[in-house]
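# Understanding the architecture of this molecule
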Amino acid sequence: MKNVIVIRYGELYLKGKNRNYFERILIKNIRHALKNHTCKLEVGRSRYLVTDYDMAQEAAIVQSLQTVFGIYSLSVAVCIPNDYQTLEQYAVAAAPREGTFRVNAHRGDKRYPYTSVTLAAKLGEAILSAHPSLQVDLHNPQHTVWVDVRENGTAYVYGSVQEGAGGMPVGCAGKGLLLLSGGIDSPVAGYMMAKRGLCFDAIHFHSYPYTSERAKEKVIRLAAQMQKYCGKIRLFSIPVTKIQEEIHARCTDSYMITLLRRAMMRLAEKTAQRFHCDCLINGESLGQVASQTLESITVTNATVPNIPVFRPLIGMDKQEIIDIAQKIDTYETSVLPYEDCCTVFLPDSPATRPTLRRAEEEESKMENYEELLSEALENLEILTV
């Protein structure tokens with residue numbers, strides 16, 4: 001007998017002949033998550049095992065594995081020989097002493113003398129004999145004893161299944177660039193895209209000296225927190241102070257936010273192309289604020305003709321977004337009271353239904369607009385996360 005942690009993947013089963021590609025990335029990501037733990041990873045057919053670990057580290061290892069996208073579920077189990085007497089001994093030991101239960105048996109080895117249904121019934125009978133206070137409930141039990149008979153002469157017995165992060169392994173779906181504002185939404189947007197296998201760098205726009213160094217430090221901290229789920233992130237920082245000052249001096253107040261966001265999208269697209277990112281990601285949710293109405297999104301999106309813009313939060317309400325931010329531990333950092341560039345020169349009544357024609361007319365008032373964009377890109381800084 002040895003203690004193991006059983007790792008199962010879900011959606012990768014659907015990948016057919018390409019499954020090996022996705023598994024290689026998942027295995028790489030699991031090894032990365034386990035790098036600070038002393039243990040071994042055994043890769044088998046449709047099951048991975050973490051073995052040879054210190055029992056005192058078991059909970060920490062499970063917690064690390066639960067941040068790996070592509071893992072569907074986990075179980076702390078015992079690995080034993082699959083002869084019936086040994087299975088019965090450990091199934092009885094794993095069973096509760098009172099309440100309702102069922103046995104869920106899976107026969108991966110079709111040569112095993114008992115079918116899954118027969119094995120579950122025999123083990124259930126043995127558990128009832130050992131613990132008479134128990135009752136069987138096949139439909140809604142309080143407890144379940146799982147027995148998984150494998151092809152290599154072994155079996156796993158366990159009493160619980162813990163959820164994994166789900167989704168697809170980070171790195172299997174290409175690379176993007178996340179617009180990381182420092183608010184609640186954008187880290188969640190990055191998390192949602194990482195769950196679909198996308199890895200990404202991040203870009204932050206600042207307006208120093210109107211925004212403080214603490215605002216930049218906040219974004220660095222957010223990027224660091226996201227790496228637990230999203231993998232390694234490079235963080236680019238671009239100043240937009242001069243662009244904002246020019247907009248404030250020459251353009252209509254109600255269009256200031258629209259024009260700033262158009263400038264930011266232009267800068268983000270150029271940065272994405274420079275650093276080989278194939279899409280942009282932002283945290284926009286339809287109708288949440290003035291800059292996220294359908295008309296505002298349409299006018300902003302018109303500045304990005306060459307790559308797609310993903311908005312994974314577009315149909316979510318604020319509480320749904322907050323719930324995920326709390327789950328991934330970015331919420332407390334996001335609500336720190338350090339202003340970002342979008343709060344500088346904030347108009348009293350921002351346009352909620354801007355038009356593309358009017359936005360282009362406003363931009364034409366800035367004679368040195370292209371020079372300002374080029375200067376901002378020249379001052380791009382790569383921050384250490």
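Look a little higher up for the structure.
Structural notes, computed from the coordinates. (Residues numbered from 1 in each chain as written. Predicted model: local features only at pLDDT ≥ 70, side-chain atom pairs only at ≥ 80, totals over all residues. Heavy atoms only, no water.)

## Comments concerning the overall build of the chain
On a plain count of helices and strands, the chain comes out with 13 helices and 15 strands. For the chain, whose C-alpha radius of gyration is 27 Å, the value lies well above the compact-globule estimate of 21 Å for 385 residues. Overall, the C-alpha framework of the chain stretches about 85 × 40 × 35 Å when taken along its three principal axes. Out of the 385 residues in the chain, the part that is buried amounts to 51%. In the chain, 80% of the contacts between residues at least 6 apart in sequence involve partners at least 24 apart. Accessible surface, the chain as shown: approximately 18500 Å² in total, 49% of it carbon and sulfur. (Helix = DSSP H or I, 4+ residues; strand = E, 2+ residues; numbered from the N terminus. Rg over C-alpha atoms; globule rule 2.2 N^0.38 Å. Buried < 20%, exposed > 50% of the residue type's maximum accessible area, 1.4 Å probe, protein only. Contact = heavy atoms within 4.5 Å. Areas by Shrake-Rupley, 256 points an atom, 1.4 Å probe, with all protein chains shown as cover.)

## Remarks on the sheet that holds strand β12 (residues 235-239)
Ordered in space as β14-β13-β10-β11-β12-β15, the 6 strands form an open sheet in which the pairing is mixed. Taken across any chain shown, the strands that pair with only one partner, and hence form the sheet edges, are β14 (309-310) and β15 (381-383). Here strand β13 (residues 280-281) pairs with β14 via 2 bridges, running parallel. By the bridge assignment, isoleucine 281 is partnered in β14 with phenylalanine 310. (Pairing = 2+ DSSP bridges.)

## What to know about the environment of valine 62
Examined against the element boundaries, valine 62 turns out to sit in helix α2 (residues 58-65). When the C-alpha positions of valine 62 and valine 76 are compared, they lie 8.4 Å apart, and in sequence the two are 14 residues distant. The contact partners of valine 62, leaving out residues within four places of it in the chain, are Ile5, Leu74, Val76 and Gln162.

## Concerning the side chain of histidine 206
Tracing the backbone shows histidine 206 in strand β11 (residues 199-206). Among the polar contacts listed, one links the side chain of histidine 206 to the backbone nitrogen of tyrosine 208, at a separation of 3.4 Å. (Polar contact = N/O pair within 3.5 Å; in protein donor to acceptor, adjacent residues only side chain to side chain.)

## As for the packing of aromatic side chains
Centre distance and the angle of the planes are the two values used to describe a pair of aromatic rings. This structure, assessed with the given rule, holds 9 aromatic pairs. With centroids separated by 6.2 Å and ring planes inclined at 40°, the aromatic side chains of phenylalanine 69 and tyrosine 229 adopt a geometry described as tilted. Here tyrosine 229 lies in helix α6 (residues 213-230) and phenylalanine 69 lies in the loop between α2 and β4 (71-81), a separation of 160 residues in the sequence. Exposure remark for phenylalanine 69: the relative accessible area of 1% places this residue in the buried category. Measuring from ring centre to ring centre gives 5.3 Å for tyrosine 191 and tyrosine 229, while their planes differ by 85°; the resulting arrangement is edge-to-face. Placement of the pair is tyrosine 191 in helix α5 (residues 185-195) and tyrosine 229 in helix α6, with a sequence separation of 38 residues. Note on tyrosine 229: relative accessible area 12%, which makes it buried. Through successive ring pairs, a cluster of aromatic residues spans Phe69, Tyr191 and Tyr229. (Phe/Tyr/Trp six-rings, centres within 6.5 Å; stacked < 30°, edge-to-face > 60°.)

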